[in-house]
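Chain by chain, the residues:
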Amino acid sequence: MKEIRITEKEAGQRLDKFLVRYLPEAGKSFLYKMMRKKNIVLNGKKCTGSELLQTEDSVKLFFADETLQKFMGQTIVEKKSSYPSLDPKTVVYEDEQILGINKPVGMLSQKAEESDLSLCEYLTGYLFATKALDEEGYRTFHPGVCNRLDRNTSGLVLAGKNNAAARALYAMFQDRSMEKYYLALVKGEMKKKQKIKGYLKKDAATNTVTVTEHEVPDSSYIETAYEPLKCAGGYTLLKVELITGRTHQIRSHLSFTGHPIVGDGKYGNKRVNEVFRKEHGLRYQFLHAYEVVFPKLGAPLEALSGKTIQAPLPEEKARILRALHMDIE
């Protein structure tokens, strides 16, 4: 028999999801059968799997040691050694609950294919290396990012360091209760702060989107706000607030207004992109997830209540702004 005491890191999730993570080789139907037969019990009582776990709950597994080891699968020590770690310089914020990472251009936020190496793998390696995650914790919590950026968009990505924090962060991204700001260099000189609205339709086959002024079938409402920070030489540096969060929203919405992001190969201006490639070596869109502002929060993220987290521009983008006399540092 093995007893598992639930800590704050595991609390808040359904028992069946916890068991699937802890015993990945057992299979869901088998786990439900074991609960029905009371070979798995919660706080000494029969359970169904739908219960929400709380701190100090007791989960008992009445399995032989060799059976338990088989259901646990590959040892965590073997997996642990396969994860690379984040460069500590990319960590722009860390507390007991969350991590803020300045994702570089070219890195996937999450795997697209099994063979990919994404920010999630680097995050896992970092949490192991800093001992924020141990082998036992990894059985029921696999770290992941709570917001995603395009491969060629740099900037701030947030991740929870435990299940409760990750769920709370993800919920804020879903309900848009936190403020999210980007920096974008666009074609044209823009003088006024504005909020723009429209409708976005995605073409999954080409992974592109189309923006229209009025609603069309299968389109989604979008809203984007921007504030000009610097103008020079026919270009403007904008601070953009992402009010709704749709695929390629900022890139396509600004392009729709006639002010495409510099370097954007999908929605940008080819002539402008070529100029910046030749003169500044820019080979991707000048878009950077710069800042998040948190609302008033309770547990487990009360330390973030009202806090602002920023991710500095990567040096390549900062150098371009200096060359354009638009430095904001």
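Structure: see above.
Procedures and definitions
Here the residue numbers are simple positions, counted from 1 along each chain's written sequence. Reporting of local features is limited, given that this is a predicted model, to residues whose pLDDT is at least 70; pairs of side-chain atoms are given and counted only at 80 or more, and all residues count toward the totals for whole chains, interfaces and linings. Calculated side-chain values reflect all of the structure's heavy atoms, with hydrogen atoms and water omitted. Helix and strand assignments come from DSSP, with helices taken as H or I runs of at least 4 residues and strands as E runs of at least 2, each series counted from the N terminus. Relative accessibility decides the category of a residue: with a 1.4 Å probe and only protein chains considered, values under 20% of the type maximum give buried, values over 50% give exposed, and everything between is partly exposed. Residue contacts are defined here by distance: any two heavy atoms, one from each residue, within 4.5 Å place the two residues in contact. Accessible areas in this description were obtained via Shrake-Rupley with a 1.4 Å probe; residue shielding takes into account the shown protein chains only. The sign given to each residue is positive for Lys and Arg and negative for Asp and Glu; His and the chain ends receive no count. Charge positions are represented by NZ for Lys, CZ for Arg, CG for Asp and CD for Glu. Just to be clear on terms, a salt bridge is a Lys or Arg side-chain nitrogen sitting within 4 Å of an Asp or Glu carboxyl oxygen. Cavities and pockets were defined on a 1 Å grid built over protein atoms only: a cavity is a set of grid points that admits a 1.4 Å probe from which the probe cannot escape, a pocket is an open set flanked by protein on both sides within 12 Å along at least five of seven lines, and lining residues are those with an atom within 4 Å of any such point. Grid points are joined across faces, edges and corners, and a volume is the space filled by probe spheres set on the points. Classification used: nonpolar for Ala, Val, Leu, Ile, Met, Phe, Trp, Tyr, Cys and Pro, charged for Asp, Glu, Lys and Arg, polar for all others including Gly. Strands are labelled as partners when DSSP assigns at least two bridges between them. Where helices are involved, their axes are fitted lines through C-alpha atoms of the stretch in contact, as for all axes, and angles between N-to-C directions lie from 0 to 180°. We call two directions roughly parallel when the angle between them is under 35 degrees, roughly antiparallel when it is over 145, roughly perpendicular when it lies between 65 and 115, and oblique otherwise. If you view the pair so one helix is near and one far, a crossing is left-handed when the near helix is turned anticlockwise from the far one by less than a right angle, and right-handed when it is turned clockwise.

A few points about the overall build of the chain
When its secondary structure is counted, the chain shows 10 helices and 13 strands. By its C-alpha atoms, the chain is 70 × 40 × 40 Å across when sized along the principal axes. Across the 329 residues of the chain, 48% fall into the buried class. Sequence-distant contacts in the chain: of pairs separated by 6 or more residues, those separated by 24 or more amount to 65%. A total accessible area of about 16,600 Å² is found for the chain, and carbon and sulfur atoms account for 47% of it. Charge centroids of the chain, computed over 51 positive and 42 negative side chains, lie 3 Å from each other.

A short note on the pattern of salt bridges
A complete count under the given rule lists 12 salt bridges for this structure. A salt bridge links Lys195 to Glu223; its shortest N-O distance comes to 3.7 Å. With Lys195 in strand S8 (residues 194-203) and Glu223 in strand S10 (residues 220-232), this pair connects stretches of sequence that are 28 residues apart. Residue Arg251 is joined to Asp264 by a salt bridge in which the shortest nitrogen-to-oxygen separation is 2.8 Å. Here Asp264 lies in the loop between helix H8 (249-256) and helix H9 (270-280) and Arg251 lies in helix H8, a separation of 13 residues in the sequence. Under the relative-accessibility criterion, Arg251 is labelled buried at 7%. Beyond isolated ion pairs, a larger network of salt bridges with shared partners links Asp150, Arg251 and Asp264.

Re the layout of surface pockets
One number sums up the size of the second largest pocket: a volume of about 210 Å³. Contributing to the lining of the second largest pocket are Glu8, Lys9, Asp95, Glu96, Gln97, Ala132, Lys161, Asn162, Ala164, Ala299 and Pro300. Its residues assigned to classes, the lining of the second largest pocket comprises four nonpolar, two polar and five charged.

Observations concerning the sheet that holds strand S1 (residues 2-5)
On the basis of which strands lie adjacent, the open sheet formed by three strands has the order S1-S3-S2 and antiparallel pairing. For this open sheet the edge positions go to S1 and strand S2 (40-42), each flanked by a neighbour on one side alone. Sheet twist, expressed as the average angle between the axes of neighbouring strands with direction ignored, equals 15°. Pairing of S1 with strand S3 (residues 58-61) involves four bridges; the strand directions are antiparallel. Bridging from a neighbouring strand, Arg5 pairs with Ser58 of S3.

Notes on the packing of helix H1 (residues 15-22) against helix H2 (residues 28-36)
Running from N to C, H1 and H2 point in directions that differ by 120°, and their axes come no closer than 10 Å. Classified by the angle their axes make, H1 and H2 are oblique. In this structure, H1 crosses over H2, and the sense of that crossing is right-handed. From H1, Leu15, Asp16, Leu19 and Val20 reach across to H2, where they touch Lys28, Leu31, Tyr32 and Met35.

Notes on empty space enclosed by the protein
Taken as a whole, this structure holds one cavity of 30 Å³ or more when the rule is applied. In this structure, the largest cavity spans a volume of roughly 30 Å³. If you go around the largest cavity, the residues you meet are Lys9, Glu10, Leu133, Gly137, Thr140, Phe141 and Asn163. Looking at the lining of the largest cavity, its residues break down into two nonpolar, three polar and two charged.

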